[in-house]
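Given next are the chains, with one letter for each unit.
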Amino acid sequence: MKAIAQTEFGDAEVLVVRELPDPPIALDQVLVEVRAAGVNPVDRLVRMGYVASSMPCHFPLVPGWDVAGVVRAVGPAVDGFAVGDEVFGYQRKDHVQNGTYAELVAATERGLAHKPASLSFEEAGGLALTGLTALQSLRKVGVSSGDTVLVHAAAGGVGHLAVQVARILGAARVIGTASPRNHDFLRSLGVEPVAYGDALVDNVAELLGGDGLVDVVFDCVGGAALNDSPALVRDPARIVSIVDTNVLELGGRYSYAKPVREDLDWLAGQAGSGALKVEVQQTFPLAQAAEAHRLLEGKHVRGKIVLTV
């Protein structure tokens, strides 16, 4: 099979098309013929070697944890999938080597779900990791009916799904920080946009009125935005960050996506009904993975970047 495989850590140039053996599948795994693979910020961290201290990495290393495609084969212990099924999923494994930037992926059942027919492979390829991150993080801080939720970086890959998931979970108001060029996009998702920066606390207070506080802060930025968050929320225990473990020192929660089949099914149901929309800013063919990473590193991506196979 063809795959993007790096033989060393480094800049985007290490992402090279290589011919690799087709992956074998274990008794409880599914072989997926990949049609699309989402590109996520964590892929850059893998490429640069930043995760090597916490997860074993092996070369040649195929990046990618998001996948959408068609089932080509199933192991004898697989119950929920059959050859020909259209699927999507989050395929993070304990060892980093056999990722989704490839023509074929050996996938675990727990990180896979059936793709809604109404969703394109490109949309499905960008849904799993970011959708799970949004859903599991918001559940961790108990978002429910009547809450006011503030999402830092609301137009990004996780953020644009988080604002929608918050609404589905019952939030009465969702406020999102973003650059002005993305404010109309946020409004189209039912979000009240606000500019980020030094005046963030004042801007949110002016928008809200009353005590100027929200019930939940979902942080996709870290740094200054996270440090401002205790002044924005009624209870610091309802701050959740996906990028900055310093949130724990503020009394909040840190969240990291887990491959949970039931959560993927929930996302499939919401996306299939049209309640949850995946914004794909740009697609690249697999061979242009390096270009996709360069665009990602510009940090001005609206929604998702997806590789097509």
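Residues numbered from 1 in each chain as written. Predicted model: local features only at pLDDT ≥ 70, side-chain atom pairs only at ≥ 80, totals over all residues. Heavy atoms only, no water.

1. Structural notes on the sheet that holds strand β15 (residues 253–254)
So, point 1. On the basis of which strands lie adjacent, the open sheet formed by 6 strands has the order β12-β11-β10-β13-β14-β15 and parallel pairing. Only two strands of the sheet have a single neighbouring strand rather than two, namely β12 (192–194) and β15.
So, point 2. With 4 bridges joining them, strand β10 (residues 148–152) and strand β11 (residues 173–177) adopt parallel strand pairing. Note on β11: the bridge partner recorded for Leu150 is Ile175.
So, point 3. Strands β10, β11 and β12 of the sheet are contacted by helix α6 (residues 200–208), whose axis makes an angle of about 150° with β11. (Pairing = 2+ DSSP bridges. Helix = DSSP H or I, 4+ residues; strand = E, 2+ residues; numbered from the N terminus. Contact = heavy atoms within 4.5 Å. Axes fitted to C-alpha atoms, helices over the stretch in contact; angles between N-to-C directions.)

2. Some details on the domain arrangement of the chain
So, point 1. Structurally, the chain comprises domain 1 (2–129 + 259–308) and domain 2 (134–254).
So, point 2. Each of domain 1 and domain 2 has a C-alpha centre, and these two points are 27 Å apart.
So, point 3. At the junction of the two partners, domain 1 supplies 15 residues and domain 2 supplies 15 residues.
So, point 4. With both sides pooled, the region where domain 1 packs onto domain 2 buries about 1,400 Å², and carbon together with sulfur makes up 57% of that total.
So, point 5. Looking at the side of domain 1 facing domain 2, the largest losses of area belong to Asp263, Trp266 and Arg302, adding up to 40% of the total buried there.
So, point 6. There are 1 salt bridge connecting domain 1 and domain 2.
So, point 7. For the interface between domain 1 and domain 2, the tally reads 9 residue pairs in polar contact (both at pLDDT 80 or more).
So, point 8. Considering each element in turn, the side of domain 1 that touches domain 2 owes the most residues, 3 residues, to helix α8 (residues 261–273).
So, point 9. Partitioning the side of domain 1 that touches domain 2 into residue classes produces 7 nonpolar, 3 polar and 5 charged. (Domains from an automatic or database assignment. Buried area = accessible area lost by both parts, 1.4 Å probe. Salt bridge = Lys/Arg side-chain N within 4 Å of Asp/Glu carboxyl O. Polar contact = N/O pair within 3.5 Å; in protein donor to acceptor, adjacent residues only side chain to side chain. Nonpolar A, V, L, I, M, F, W, Y, C, P; charged D, E, K, R; others polar.)

3. A look at unusual backbone geometry
Generally, phi is negative for residues other than glycine and the peptide bonds are trans, each holding for most cases.
So, point 1. Going from Phe59 to Pro60, the amide bond is cis rather than trans, its omega being -5°.
So, point 2. Examined against the element boundaries, Pro60 turns out to sit in strand β4 (residues 57–62).
So, point 3. We note that Ala153 has phi near 65°; this positive angle belongs to a residue other than glycine.
So, point 4. Tracing the backbone through its elements, the reader meets Ala153 in the loop between β10 and α4 (157–168).
So, point 5. Residue classification places Ala153 among the partly exposed residues on the basis of a relative accessible area of 27%. (Buried < 20%, exposed > 50% of the residue type's maximum accessible area, 1.4 Å probe, protein only.)

4. Considering the packing of helix α3 (residues 128–140) against α4
So, point 1. For the pair α3 and α4, interaxial distance at closest approach is 8 Å and the crossing angle is 50°. As summarised for this structure, α3 and α4 are arranged oblique, according to the angle between their axes. The chirality of how α3 crosses α4 is right-handed. Seen from α3, the contacting residues are Thr130, Gly131, Thr133, Ala134, Leu135 and Leu138; seen from α4, they are Gly157, Val158, Leu161, Ala162, Val165 and Ala166.
So, point 2. Of the residues contributing to the contact of α3 with α4, the split by class is 8 nonpolar, 4 polar and no charged. (Parallel < 35°, antiparallel > 145°, perpendicular 65-115°, else oblique. Left-handed = near helix turned anticlockwise from the far one by under 90°.)

5. Digging into the UniProt feature "domain: Enoyl reductase (ER)" (unreviewed entry) in the chain
So, point 1. Here the UniProt feature "domain: Enoyl reductase (ER)" (unreviewed entry) sits at residues 10–307.
So, point 2. Annotated as residues 10–307, this span is 27% helix and 26% strand, and its ends, taken at the C-alpha atoms, are 20 Å apart. (UniProt positions renumbered as here; feature names shortened; annotations may be inferred.)

6. Comments concerning the environment of Ile242
So, point 1. Checked against the element boundaries, Ile242 lands in the loop between β14 (239–241) and β15.
So, point 2. Remark: the alpha-carbon pair of Ile242 and Pro193, spanning 49 residues in sequence, is separated by 20 Å.
So, point 3. Not counting residues up to four positions away in its chain, the partners in contact with Ile242 are Thr133, Ser137, Val158, Phe218, Asp219, Cys220, Tyr254 and Ser255.

7. Describing the nonpolar core
So, point 1. Residues Trp65, Phe88, Leu127, Leu138, Val149 and Phe218 are the most contacted members of the largest nonpolar core, which totals 56 residues.
So, point 2. The two domains that each donate at least three residues to this core are domain 1 (2–129 + 259–308) and domain 2 (134–254).
So, point 3. The contacts of Leu138, once residues within four sequence positions are left out, are Val143, Val149, Ala162, Val165, Ala166, Leu169 and Phe218.
So, point 4. Counting 24 residues, the second largest nonpolar core, distinct from the first, contains Leu15, Leu31, Val62 and Val301. (Core = buried A, V, L, I, M, F, W, Y, C linked by side-chain atoms within 4.5 Å.)

8. Structural notes on the packing of aromatic side chains
So, point 1. Using the criterion set out here, one finds 2 aromatic pairs in the structure.
So, point 2. Just above the ring of Phe121 sits the side chain of Lys115; from NZ or CZ to the centre is 4.8 Å.
So, point 3. Taking NZ or CZ as reference, Arg139 lies 5.8 Å from the ring centre of Trp266, over its face. (Phe/Tyr/Trp six-rings, centres within 6.5 Å; stacked < 30°, edge-to-face > 60°. Lys NZ or Arg CZ within 6 Å of the ring centre and 35° of its normal.)

9. Some details on the pairing of β10
Two faces make up the sheet, and in a regular strand the side chains alternate between them.
So, point 1. Burial of β10 is extensive: 5 of the 5 residues sit out of reach of the surface.
So, point 2. Where the polypeptide runs from β10 across α4 and back to β11, its parallel neighbour, the crossover connection is right-handed.
So, point 3. One ladder, built from 4 bridges, connects β10 with strand β13 (residues 216–219); its direction is parallel. When the sheet's bridge partners are listed, His152 is paired in β13 with Asp219. (Right-handed = clockwise from strand over helix to strand, strands pointing away.)

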